Amino acid sequence: MKNITLDFIKGVLYTYADLNTPNSNLSYEYEILEMELEEDESIFYRNKFQLPEECLFTIEDINFEEFQKSLNNWFFKNGEILNLRINDTRESYAINMFFSELNDVVCIKNIKKVEFDYSAETYYELGINYEYFFIEGVKNKYLIYFKYED
């Protein structure tokens, strides 16, 4: 039986964020936050990042493959890790392993992505580039996000 915990998952995220951070003012932040299953995602998100009411976004269902594609992008196609030139097979293995371990911890039922109305003002507290996901598990929901900022 595996002994994977949410702290382990966070450690993996922090490691990839650190590997991608260049020697500059730019920094990568990858995080996962736990929330109650019945808690409203929009309210949690708006409060966590102190977004004003005029910041418009929707939260839309995505499939597991779309989420894994985003994981691959943030782990291997962004930042300094690109310089390592890791082959596709190894990347795929790492993404599948991470997703499997995440699923072991939270028992993923559904994944949603936060989509912004980009006609509105840009909110830089969200990062220069970013993606935010809600993962619904059996017992809790999780906000997992990837961003870089300066």
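Just so you know, these numbers come straight off a predicted model, no measurement behind them.

Engineer: So what's going on with the overall build of the protein? Residues and values would help.
Structural biologist: Looking only at helices and strands, the protein features 4 helices and 5 strands. Sequence-ordered secondary structure for the protein, helices as α and strands as β, is α-β-α-β-α-α-β-β-β. Its C-alpha atoms give the protein a radius of gyration of 15 Å, within 12% of the compact-globule value 15 Å for 150 residues. Per-residue burial for the protein yields a buried fraction of 44% across its 150 residues.

Engineer: Describe the environment of Asn-3, naming the residues involved and giving the relevant values.
Structural biologist: Following the sequence through the fold, Asn-3 ends up in the segment before helix H1 (6-20). Separated by 84 residues in the primary sequence, Asn-3 and Asn-87 place their C-alpha atoms 29 Å from one another.

Engineer: Can you lay out the sheet that holds strand S1 (residues 27-36) for me, pointing to particular residues and giving the numbers?
Structural biologist: Strand pairing in a sheet relies on backbone hydrogen bonds, with the paired strands running either antiparallel or parallel. Across the sheet, which stays open at both edges, the 5 strands sit in the order S1-S5-S4-S3-S2 with antiparallel pairing between neighbours. Both outer strands of the open sheet, S1 and strand S2 (57-62), are each paired with one neighbouring strand and no more. The mean inter-strand angle of the sheet, taken between neighbouring strand axes irrespective of direction, is 20°. Lying over the sheet, H1 contacts S1 and strand S5 (140-149), oriented at roughly 160° with respect to S1.

Engineer: Quick rundown of the pairing of strand S3 (residues 110-116)? Include the residues and the values.
Structural biologist: In terms of residue burial, S3 counts as a mostly covered element, since 5 of its 7 residues are buried. Sheet analysis places S2 next to S3, joined by 6 bridges and oriented antiparallel. Bridge pairing in S3 links Phe-57 to Phe-116. Direction of pairing for S3 relative to strand S4 (residues 129-136): antiparallel, over a ladder of 4 bridges. Across the sheet, residue Asn-110 finds its bridge partner in S4, namely Glu-136.

Thresholds applied
- Residues numbered from 1 in each chain as written.
- Predicted model: local features only at pLDDT ≥ 70, side-chain atom pairs only at ≥ 80, totals over all residues.
- Heavy atoms only, no water.
- Helix = DSSP H or I, 4+ residues; strand = E, 2+ residues; numbered from the N terminus.
- Rg over C-alpha atoms; globule rule 2.2 N^0.38 Å.
- Buried < 20%, exposed > 50% of the residue type's maximum accessible area, 1.4 Å probe, protein only.
- Pairing = 2+ DSSP bridges.
- Axes fitted to C-alpha atoms, helices over the stretch in contact; angles between N-to-C directions.
- Contact = heavy atoms within 4.5 Å.

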